[in-house]
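# Coordinates in review
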Amino acid sequence: MTSPQSDPAPQPPQGHVHGHTHSHGPAAPVSKHLRKVIAAVVIPFATAVVVGLIAFWPGGVPDHERTGVGFDRQTQDGKVVQVVKVDCADVNAAQVPPTGDTSTPSGREAVDEQEGECAKATVEVTSGDDKGRKFVEVVQPDAPRQLREGQGVVVAYAPDAPRDLQYSVTDVNRKIPMTLLAAIFALAVIAVGRLRGVMALVALAVSFAVLTLFILPAILQGSNPLVVAVIGASAIMLAALYMCHGVTARTSVAVVGTLISLLLIGLLGSLFIGWADLSGNTDDNTGLIHGLYPDIDMSGLLLAGVIIGSLGVLDDVTVTQTSAVWELHQADPRMGWRGLYQAGIRIGRDHIASVVNTLVLAYAGAALPLLLLFSIAQSSVGTVANSELVAEEIVRTLVGSIGLVASVPVTTVLAALVVSADRPGAGTSSSTAAAPARTGRGRRRKA
């Protein structure tokens, strides 16, 4: 009989050749000995994560005195009860430059605003201690957000301002459409995924809980952002993978592959963020965070964001690759680990192409307004790439993509070694480990 290790790698069954799927069935059971080996790796790691959560648990967000700037403002709900049109000159909505110069954009806008028709909105506060209080908001004709009667809004409260100026409209209330969209999403996931869809939603809720109750407060408390991100991301990974895919050897291999890839992303991110002198303080929001909590390591916060941002796509890649190898093994149990790896990596190459493109386009889409500004300024590609705002996104994208690319061969070889090391015996279903499964092509292997 030819050794399984030397068998040529057969082409995967036609039904399993694709680059992106999770529609796999339940994993075939593995031997008791192999389960013990996997448990010896996963259980200490899970224990370390739990210990880390306990050691770094923040106990809530630290208090601070509100600055009234940006997101750091007291807000309440409001409603527009009346809107009337008035001449902008009557409400002194804008001032023409004293020189009369209208050649500049600001000068032309000021003239248009003064000569145009403004909206004078009466807004009622609908929550908080001042519920029922009304104030007037003037909206200029070229304002990006126009108010309409009956519209829900978010109002900012400035207690130190004069009474007539204490409230102002800061945003539109979007709770109803956002809640409806979330409900449609949940129904779609449950309708298609059924029990697995329910578990995916539960895992999503756990991920948000870890993010809001542990990662963010712990960073604000002054803990090292990198350590907190690694612990939090590991907790999210364990909860999401085991909840969605079950406590099986196949899932455990995906966990180990994801962990190795996360460590690689952390090392590369730390190296290149430091080497490129990226401060992590590049816009008004990060500047506000640094002003309120000067002890936070902003470059560490950037690295933490890279790790957490890469985790979701990593889960997808590692689970898919592990499932592919398991399915290939079930199709031909006599295939050795080299054959399994070669067949699995062919699937992985398609997956690499799709997820890297997805990641790059996701970051480019998020930075599209910034890229438009550089285009307007007619800056060269080198100038754009060298600016810290864009360099952050480049480092984030490339480091995450390297981790994703590395996760494919790492997870594939782990899965191939684990599943090929399994042999029929105690703890293994004889029906699963019996004769090779048919490939559907009518071929018979020589004994």
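Reading guide: rules and limits
- Here the residue index of a chain counts from 1 through its sequence in written order.
- Whole-chain, interface and lining totals are the exception, using all residues; otherwise, since this is a predicted model, local features are given only for residues with pLDDT of at least 70 and side-chain atom pairs are given and counted only at 80 or more.
- For side-chain calculations, the full set of non-hydrogen atoms in the structure is used, while hydrogens and water are omitted.
- Counting rule for disulfides: a pair of cysteine sulfur atoms within 2.5 Å.
- Comment: elements are numbered from the N terminus, with helices defined as DSSP H or I runs of at least four residues and strands as E runs of at least two.
- The classification of residues rests on relative accessible area computed with a 1.4 Å probe and restricted to protein chains. Under 20% of the type maximum is buried, over 50% is exposed, and intermediate values are partly exposed.
- Strands are treated as partners if at least two bridges between them are detected by DSSP.
- Axis angles are defined between N-to-C directions and span 0 to 180 degrees, where every axis is a line fitted to C-alpha atoms and, for a helix, only to the segment in contact.
- When a carboxyl oxygen of Asp or Glu lies within 4 Å of a side-chain nitrogen of Lys or Arg, that pair is called a salt bridge.
- In summary, the pairing rule links any two rings of Phe, Tyr or Trp, Trp by its six-membered ring, whose centres are within 6.5 Å, and it sorts them by plane angle into stacked for under 30 degrees, edge-to-face for over 60 and tilted for everything else.
- Any angle that falls under 35 degrees is termed roughly parallel, while one over 145 is termed roughly antiparallel, one within 65 to 115 roughly perpendicular, and all others oblique.
- When the near helix sits turned anticlockwise from the far one by under a right angle, the crossing is termed left-handed; a clockwise turn instead gives a right-handed crossing.
- Each residue gets one of three labels, nonpolar for Ala, Val, Leu, Ile, Met, Phe, Trp, Tyr, Cys and Pro, charged for Asp, Glu, Lys and Arg, and polar for the others, Gly among them.

## Thoughts on the state of the cysteines
- In this structure the tally under the stated criterion is 1 disulfide.
- Across the disulfide, Cys88 is cross-linked to Cys118 (sulfur-sulfur distance 1.9 Å). Disulfide Cys88 to Cys118: torsion about the S-S bond roughly 110°, handedness right-handed. With Cys88 in the loop between strand E1 (74-87) and helix H2 (105-115) and Cys118 in strand E2 (residues 117-125), this residue pair connects regions lying 30 residues apart in the sequence. Of the two residues, Cys88 and Cys118, neither departs from the other in class, the shared state being buried.

## Observations concerning the sheet that holds strand E4 (residues 152-157)
- Taken in spatial order, the 5 strands line up as E3-E2-E1-E4-E5 in an open sheet, and their pairing is antiparallel. Strands at the two margins of the open sheet, each flanked by one partner only, are strand E3 (134-139) and strand E5 (167-172). Going from strand to strand, the sheet's axes swing by 45° on average, the running direction of each strand aside.
- Both E1 and E2 contribute to a ladder of 9 bridges, which runs antiparallel. Paired with Val80 across the strands is Val123, a residue of E2.

## Brief notes about the pairing of E3
- Only one face of E3 is buried, namely the one carrying Phe135, Glu137 and Val139, since none of Lys134, Val136 and Val138 on the opposite face is buried.
- Across 6 bridges, E2 lies against E3 in antiparallel orientation. Across the sheet, Ala121 pairs through a bridge with Glu137, a residue of E3.

## Considerations on the pattern of salt bridges
- Overall, the coordinates contain 6 salt bridges when judged by the stated rule.
- We note a salt bridge from Arg250 to Glu327, for which the minimum N-O separation is 3.7 Å. Of this pair, Arg250 sits in helix H5 (residues 249-275) while Glu327 sits in helix H7 (residues 298-331), placing them 77 residues apart in sequence. Comparing Arg250 with Glu327, the two get one shared label, buried.
- With a closest N to O distance of 3.5 Å, Glu393 and Arg396 form a salt bridge. A residue pair is termed a helical-turn pair when its members lie 3 or 4 positions apart in one helix, as Glu393 and Arg396 do in helix H11 (residues 388-421) at 3 residues.
- Several salt bridges converge on common partners, so that one network encompasses Arg145, Asp171 and Arg174.

## Section: the packing of aromatic side chains
- Following the criterion strictly, the structure yields 4 aromatic pairs and no others.
- Relative to Phe214, the ring of Trp57 has its centre 5.8 Å away and its plane inclined at 25°; by these criteria the two rings are stacked. In this pair, Trp57 is assigned in the loop between helix H1 (32-56) and E1 and Phe214 in helix H3 (residues 175-220), connecting sequence segments 157 residues apart.
- An aromatic cluster is defined as three or more aromatic residues linked by ring pairs; in this entry it consists of Phe135, Tyr157 and Tyr167.

## A word on the packing of H7 against H11
- At a minimum axis distance of 8 Å, the contact between H7 and H11 shows a crossing angle of 30°. For the element pair H7 / H11, the angle class is roughly parallel. Of the two possible hands of crossing, H7 and H11 adopt the one that is right-handed.
- Its residues placed into classes, the contact of H7 with H11 shows 14 nonpolar, 11 polar and 2 charged.

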